[in-house]
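Geometric and topological summary
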Amino acid sequence: MATDYDAPRRDEVELGEDSLEELKARRQDAQSGSVDVDEAEVAESFELPGADLADEELTVKVLPMQQDEFRCSRCFLVHHRSQLAAQKNGELICVECAA
C-alpha cells in the first residue's frame, strides 16, 4: 500500500475515530484499475524505424593474439603486456584481477 510520507501524522485516538465506510472508501480510491505491465514484453514490441535486422548476421574479424599481448589466467581476457601485474606459477594475471 502506498504511503504519503508528506501527509501530517495522526495519533492513535484519531485513527480509532475513522468509520468503516471511510476506510472502505479510502481503500477503493487507493486501488488502481491499471494492470502491471511487464517491461520486457513492451520492449520486445518496439521496432526501430527502417531497421529490419531479422536476416542480418554480424561478422567480426578475429585477430590472433599478438606478441605484445597475454591472456589473463583469471578473467581470460587478452590484455597488452603493460597490463601484466604478476606471474604466479606460470599463470599471467592482469592489473584488474590482481587488485
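An unreviewed UniProt entry annotates the chain as DUF4193 domain-containing protein of Actinocatenispora thailandica.

**Some words on the state of the cysteines**
A complete count under the given rule lists 0 disulfides for this structure. The cysteine cysteine 72 is free of any disulfide, with cysteine 75 supplying the nearest cysteine sulfur at 3.7 Å. The structure places no disulfide on cysteine 94, whose sulfur is separated from the nearest cysteine sulfur, that of cysteine 97, by 3.6 Å. What makes cysteine 94 buried here is its relative accessible area of 1%.

**With respect to the side chain of histidine 79**
The topology assignment puts histidine 79 in strand β2 (residues 78–80). Residue histidine 79 is classed as buried on the basis of its relative accessible area, which comes to 13%.

Calculation rules
Residues numbered from 1 in each chain as written. Predicted model: local features only at pLDDT ≥ 70, side-chain atom pairs only at ≥ 80, totals over all residues. Heavy atoms only, no water. Disulfide = S-S within 2.5 Å. Buried < 20%, exposed > 50% of the residue type's maximum accessible area, 1.4 Å probe, protein only. Helix = DSSP H or I, 4+ residues; strand = E, 2+ residues; numbered from the N terminus.

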